[in-house]
Structures are given as C-alpha cells and as structure tokens.
2 protein chains.
Amino acid sequence: MAKAAKQKTNGGPERTTRIQEINRRLILDAALDVFSTYGFRGTTIDQIADKAGMSKPNLLYYFPRKQNIYVTLLEETLTEWLAPLADIDPAGDPIEQLRKYITLKIKMSESHPEASRLFANEVLHGAPAISDFLAKHLKPLVDEKAVVIRRWVGEGKLAPVDPYHLIFMIWATTQHYADFDVQVRAIMGSQVGRPGFREQTAQAVLSIILNGIRPRD
Amino acid sequence: MAKAAKQKTNGGPERTTRIQEINRRLILDAALDVFSTYGFRGTTIDQIADKAGMSKPNLLYYFPRKQNIYVTLLEETLTEWLAPLADIDPAGDPIEQLRKYITLKIKMSESHPEASRLFANEVLHGAPAISDFLAKHLKPLVDEKAVVIRRWVGEGKLAPVDPYHLIFMIWATTQHYADFDVQVRAIMGSQVGRPGFREQTAQAVLSIILNGIRPRD
DNA sequence: CTGCATTTTGACCAACTAGTCAAGTTTTTG
DNA sequence: CAAAAACTTGACTAGTTGGTCAAAATGCAG
C-alpha cells in the first residue's frame with residue numbers, strides 16, 4: 001500500500017479528463033442503441049466498441065465490465081424518465097396537469113424510443129439490475145402523486161378512479177408506441193412516419209383517458 | 001433418392017407418435033418459462049432440456065434448432081392471443097363487446113403472463129421471428145375490427161375515437177400487468193398477490209376506457 | 001525537449017454454448 | 001419374439017464472447 005492517491009485499484013480512471021468525458025459519452029450513446037435493440041445478453045462488447053469507434057480493450061478501459069455500461073445507462077435514463085411525473089403540480093388543475101404529463105410522456109416516447117425500450121426490456125426480465133432503484137426512487141414518487149390524485153378525486157375534480165391504475169395506464173399507453181413500435185408499424189404502416197402522427201396519437205390517447213376520468217354529473 | 005416415404009431428411013420425426021406428443025409438449029412448456037424470463041439469446045438449450053427433464057441431444061432430436069422451439073412457441077401463443085379480438089361481434093352492443101374483450105385480455109394477462117412476456121420481448125427486439133405473422137394475420141384482423149369500431153362511432157354508439165389507437169390502448173393497458181409485473185409489484189407491493197386484485201384492476205381499466213369512449217351528449 | 005501518466009490496441013485465454021455423432025436403449029410391429 | 005424403427009445420451013467440436021495483458025502510442029506538465 002504505497003502512494004495511495006494516484007494508484008488505480010481497477011480499470012477505471014480516477015480523475016476525469018477531457019478524453020474520458022468524450023469517450024464515456026461515445027460509449028454510452030453507442031451502448032444505448034445496441035442494448036435497446038438486442039438486450040443485455042444479446043449485445044456483445046465488440047458491437048458497442050465498433051459503434052463507438054474504438055477497440056474492445058479500449059472500451060473496457062473505461063467500463064471494466066459490460067454490466068457497468070448497462071447499469072450506468074439505465075440509471076441515467078430512469079432519472080430523466082421520472083422527472084415529468086415529479087413535475088405534476090398538486091396545486092394545478094387536475095385535468096390540465098394530467099394532460100401535460102401525458103403529452104410529455106408521448107413526446108419522450110417518440111424522441112427517445114431506445115431509452116423506453118432499454119427500460120422495458122430490463123423490467124420485462126425481472127429488473128435484476130434496478131429493483132433497488134424502483135423501490136427507492138420510483139415507489140415513493142408514485143406514492144406521493146397517488147395521494148394528490150386521490151385528493152383530486154375526493155374533491156370531485158376527477159371521476160372516482162384508483163390513482164395507481166391510472167398511472168399504470170398512462171405509462172402503458174404512452175410507452176406502447178416506443179416499445180411496440182414494430183407492431184404499430186405492422187398495423188398502421190406508412191401512417192406512422194407521417195408528420196402529425198404523434199399529434200394524432202396524443203389526441204387519441206388524451207381524449208380517451210381524460211374523458212375517462214373527467215367527473216360525471 | 002430411395003424409399004422416399006420413411007426416410008427422414010433432418011432431425012425432425014415425420015409421423016407423430018405418442019412419445020413425440022408428450023415430449024414436444026414438455027419441451028414447449030419448459031421453453032416458454034425460460035424464454036419468457038431470459039429472452040432468446042439469454043436462454044440456453046441446456047436450461048430448457050433440464051427443465052423438460054431430458055438430455056440436450058434428446059431435445060434437439062425433437063427440435064433440431066433452438067430457433068424452431070422459439071418460433072413454434074410464438075406462433076402457438078399468438079394464435080391463441082388473437083382469438084378474443086376475432087370474437088368481437090359486429091352485431092353486438094359496442095360497450096358490451098369491448099367490455100368483454102378487455103375483461104378477457106386482463107384474464108389472459110394474469111393466467112398466462114409468460115406468454116405475454118415472450119411476445120413483448122420479441123416485438124421489443126424488432127420482431128425478427130414473427131414480422132411475417134404480424135403482417136399476414138394480425139394486421140388483417142385489426143383492420144377488420146377497425147371497420148366495425150368506425151361504424152359504431154359513425155352510428156353514434158361510441159364517442160369519436162380512432163379505432164387503431166383504441167385497440168393499441170387496450171393492448172397496452174391489459175398487457176402492462178403481465179409485462180411490467182415487477183414494476184407493478186415494486187409499487188403496489190403485497191396488494192398484487194391479494195385475491196380480488198385482478199377484479200380491482202379490471203374495474204379500474206374498464207371504468208377509464210369505457211367512460212372514455214362512451215358517447216357524450 | 002524530457003519524463004511520466006494516460007490512452008490505445010493486437011494477441012491471447014478461458015468459459016460457454018449450439019449443434020453433431022456414434023453408440024446404446026426402448027418401443028413398436030409383423 | 002425378432003427385427004426395425006423410434007428414442008436417448010455421453011462425449012465431442014467449432015464458434016463465440018467477456019475479459020486480460022503487455023507493449024506501444026499519445027498527451028501533457030515542467
């Protein structure tokens with residue numbers, strides 16, 4: 001145990017240099033593409049390295065294990081993914097807040113489908129890498145918003161609806177267009193690519209859900 | 001080219017015997033479990049063979065390629081999965097027909113979550129093994145039912161809603177409980193296991209969707 | 001420019017896994 | 001019951017892939 005400070009204990013560098021920043025980003029971007037398409041087991045380090053434009057050992061210099069890339073990617077993605085839910089304003093108009101939330105999620109689903117698929121794949125396979133994250137970050141946030149929704153229902157501003165199932169329905173519906181993109185395309189064909197398709201989707205989803213939870217008299 | 005009839009051209013037997021029926025079933029059941037948990041690449045033939053209680057070469061005697069098991073399983077599953085949609089009666093009451101459809105899909109999602117996950121995983125990864133099936137069987141069926149729904153809307157029996165997006169929403173929502181089971185459990189905890197949970201889910205989903213598409217005056 | 005730290009890579013290895021094969025065992029059939 | 005057909009498996013192979021290593025190339029501080 002000599003000259004502790006500078007000694008690297010494993011493959012990862014300690015202080016971040018300019019090159020490190022660039023290369024880590026390069027790797028993560030490439031990895032998102034590949035992991036989201038082929039899943040964790042289906043992805044080879046060579047594929048990622050190729051796509052990132054570097055040799056495999058060089059990639060392993062930045063992320064000593066394949067797992068490391070994967071987990072880093074998932075946590076980065078999830079944090080960003082959760083933000084819109086946190087932004088639901090308890091003091092705002094219920095229908096308006098939920099409209100905003102749903103609209104945002106559909107936009108994210110269209111602009112970052114790979115992130116959605118990466119996450120879907122992980123959960124589908126039992127979330128081995130992120131069950132902690134779900135328990136520590138996702139659950140509390142959802143619980144918090146469930147209280148808000150329940151209050152809205154109590155105040156008669158929403159039809160009586162279970163907040164958890166409402167949230168699941170919003171997630172399911174919005175992410176469906178990213179996760180099941182191939183199926184959507186198989187059925188709707190060229191329409192999917194057309195400009196305005198996202199707006200049409202948003203319109204349809206919003207119409208059903210918002211009418212479904214609007215208070216009835 | 002001699003004694004054509006009895007000659008086997010590859011590993012697969014030609015006429016089905018009693019033993020074949022038993023063992024194919026054994027293999028497919030085991031494979032569904034494993035594939036739905038680990039995906040195609042993540043599954044090894046040994047795993048399936050172990051679970052099916054036979055040696056790997058023996059398994060390969062019935063399904064000469066890993067792919068064969070996978071595709072057989074997917075097509076078997078999909079056919080069964082599509083039946084309820086085909087059963088929607090154009091002459092029936094719209095709300096009643098859709099209630100029946102949604103209820104059935106939620107039931108299937110609960111009783112065969114592995115099948116749902118197997119399919120979700122395949123589509124998520126671009127449906128390489130079943131894009132033909134989607135084009136040849138799924139699309140025509142959906143198109144057919146879309147016409148029916150559109151007529152219902154025209155007759156004022158449903159609120160104006162795009163039939164395709166309605167169908168996607170139903171799929172997304174009902175399958176969510178199978179595909180994202182881990183996430184649902186992470187958030188709702190022990191409630192998920194409790195008796196009556198499926199009824200509660202069905203109630204919530206039906207309430208939102210059906211009210212969302214009920215004609216408004 | 002000099003010397004040290006960081007970065008990069010070709011060559012390699014060990015583990016794993018889809019699929020083969022030949023030799024055996026069991027079942028069916030005439 | 002004998003022979004053929006169907007079934008079963010241990011041992012093996014070839015290809016793939018996660019990860020190592022030592023040496024070379026590059027960047028950088030003084």
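Reading the values: the criteria
- Residues numbered from 1 in each chain as written.
- Chains lettered and ligands numbered in written order.
- Predicted model: local features only at pLDDT ≥ 70, side-chain atom pairs only at ≥ 80, totals over all residues.
- Heavy atoms only, no water.
- Contact = heavy atoms within 4.5 Å.
- Buried area = accessible area lost by both parts, 1.4 Å probe.
- Salt bridge = Lys/Arg side-chain N within 4 Å of Asp/Glu carboxyl O.
- Helix = DSSP H or I, 4+ residues; strand = E, 2+ residues; numbered from the N terminus.
- Nonpolar A, V, L, I, M, F, W, Y, C, P; charged D, E, K, R; others polar.
- Least-squares fit on C-alpha atoms with pLDDT ≥ 70 in both.
- 1 Å grid on protein atoms, 1.4 Å probe; cavity = no way out; pocket = protein on both sides within 12 Å on 5 of 7 lines; lining within 4 Å.
- Points joined across faces, edges and corners; volume = space filled by probe spheres on them.
- Near = heavy atom within 4 Å.
- Polar contact = N/O pair within 3.5 Å; in protein donor to acceptor, adjacent residues only side chain to side chain.
- Buried < 20%, exposed > 50% of the residue type's maximum accessible area, 1.4 Å probe, protein only.
- Axes fitted to C-alpha atoms, helices over the stretch in contact; angles between N-to-C directions.
- Left-handed = near helix turned anticlockwise from the far one by under 90°.
- Phe/Tyr/Trp six-rings, centres within 6.5 Å; stacked < 30°, edge-to-face > 60°.
- Lys NZ or Arg CZ within 6 Å of the ring centre and 35° of its normal.

J.: What's the story with the interface of chain A and chain B in this structure? I'm lost.
T.: Size of an interface: often given as the accessible area lost when the parts come together. Each side of the interface is counted separately: chain A has 54 residues, and chain B has 54 residues. Between chain A and chain B the total buried area reaches about 4700 Å² when both faces are included, carbon and sulfur atoms providing 69% of it. The tally of links between chain A and chain B comes to zero salt bridges. Sort the elements by how many residues they give to the side of chain A that touches chain B and helix α8 (residues 163-179) of chain A lands first, with 12 residues. A breakdown of the residues in the side of chain A that touches chain B according to their chemical character gives 30 nonpolar, 17 polar and seven charged.

J.: Whenever I open this one, the relation of the copies chain A and chain B confuses me. Can you help?
T.: There are two copies of the chain, and a rotation about an axis plus a shift along that axis relates them. Structural alignment of chain A on chain B gives an RMSD of 0.2 Å, achieved by rotating through 180° and translating 0.0 Å along the axis. Viewed as a symmetry operation, the transformation between the two copies matches a two-fold axis. Residue G212(A), judged by its C-alpha, is the member of chain A lying nearest the rotation axis, at 1.8 Å. Both copies present the same face, since 100% of the interface residues in chain A are matched by interface residues at the equivalent positions in chain B.

J.: What is the right way to read the layout of surface pockets from this model?
T.: Over the atoms rolls a probe the size of a water molecule, and in doing so it shows where empty space is left. Of the volumes computed, that of the largest pocket is approximately 580 Å³. Lining the largest pocket we find 26 residues, and of these Y38(A), G42(A), H125(A), Y38(B) and H125(B) sit closest to its centre. When its residues are assigned to classes, the lining of the largest pocket shows 10 nonpolar, 12 polar and four charged.

J.: Hey, could you run me through the protein's contact with DNA strand D in this one?
T.: Surveying the vicinity of DNA strand D reveals 19 residues, the closest of which are T17(B), Q20(B), P57(B), N58(B) and Y62(B). By atom count, sugar and phosphate contribute 63% of the portion of DNA strand D lying within 4 Å of the protein. Here a phosphate oxygen of DNA strand D sits 3.2 Å away from a polar atom, N or O, in the main chain of T43(A). At 3.0 Å, a side-chain N or O of N23(B) approaches a phosphate oxygen of DNA strand D. Going through the elements one at a time, α3 (56-62) of chain A together with α1 (18-42) and α3 (56-62) of chain B are the ones with two or more residues in the surface near DNA strand D. When the residues that make up the surface near DNA strand D are grouped by side-chain class, the tally is seven nonpolar, seven polar and five charged.

J.: What exactly am I supposed to notice about the side chain of N211(A) here?
T.: Relative to the elements of secondary structure, N211(A) occurs in helix α10 (residues 197-213). Residue class for N211(A) comes out buried when judged on its relative accessible area of 16%. For N211(A), the side chain forms a polar contact with the side chain of R214(A), separated by 3.5 Å. Ignoring any residue separated from it by four or fewer positions in sequence, one finds N211(A) in contact with L206(A), R216(A), N211(B), G212(B) and R216(B).

J.: Where do I start with the packing of helix α1 (residues 18-42) of chain A against helix α6 (residues 113-124) of chain A in this structure?
T.: In a packed pair of helices, the relevant descriptors are the angle between the two axes and the axis-to-axis distance. Residues and elements named next belong to chain A. At a closest axis distance of 9 Å, the pairing of α1 and α6 adopts a crossing angle of 35°. Of the two elements, α1 crosses α6, and the hand of that crossing is left-handed. When α1 is examined against α6, the residues L32, D33, F35, S36, G39 and F40 are found in contact with a partner set consisting of E114, A115, R117, L118 and N121. A per-class count over the contact of α1 with α6 returns five nonpolar, three polar and three charged.

J.: Looking at this structure, I do not really get the packing of aromatic side chains. What am I missing?
T.: Each pair of aromatic rings is reported with the distance of its centres and the angle of its planes. Summed over all chains, the structure comprises 12 aromatic pairs over all chains. An angle of 15° between the planes, with centres 5.8 Å apart, marks the rings of F35(A) and F40(A) as stacked. Judged by its relative accessible area of 1%, F35(A) falls in the buried class. Aromatic side chains Y61(B) and Y62(B) sit 5.0 Å apart centroid to centroid with 80° between the ring planes, which places their arrangement in the edge-to-face category. Among the aromatic side chains, those forming a connected cluster through ring pairs are F35(A), F40(A) and Y70(A). One residue, R24(A), lies across the ring of F63(A), its end atom 5.2 Å from the ring centre. Sitting above the plane of the F40(B) ring, K66(B) keeps its charged end 4.5 Å from the centroid.

J.: Explanation requested: the protein's contact with DNA strand C in the structure shown.
T.: DNA strand C sits among 19 residues. The nearest are T17(A), P57(A), N58(A), Y61(A) and Y62(A). In the environment of DNA strand C, a phosphate oxygen lies 3.2 Å from a nitrogen or oxygen atom belonging to the side chain of R18(B). For DNA strand C, a phosphate oxygen lies 3.3 Å from a polar atom in the backbone of T43(B). Elements with a contribution of two residues or more to the surface near DNA strand C: α1 and α3 of chain A together with α3 of chain B. Class assignment for the residues of the surface near DNA strand C results in seven nonpolar, seven polar and five charged.

J.: What's the story with the pattern of salt bridges in this structure? I'm lost.
T.: Where side chains of opposite charge bring their charged atoms close, a pairing between them can arise. Applying the stated rule across the entire model yields 26 salt bridges over all chains. For the salt bridge of K139(A) with D143(A), the shortest nitrogen-to-oxygen distance reads 2.9 Å. Within this pair, K139(A) and its partner D143(A) are both found in helix α7 (residues 131-154), separated by four residues, close to a single helical turn. Of the residues examined, K139(A) reaches a relative accessible area of 29% and is grouped as partly exposed. In this structure, the salt-bridge partner of E199(B) is R198(B), at a minimum N-O distance of 3.3 Å. Put simply, R25(A), D29(A) and E76(A) are held in one network by salt bridges that share partners.

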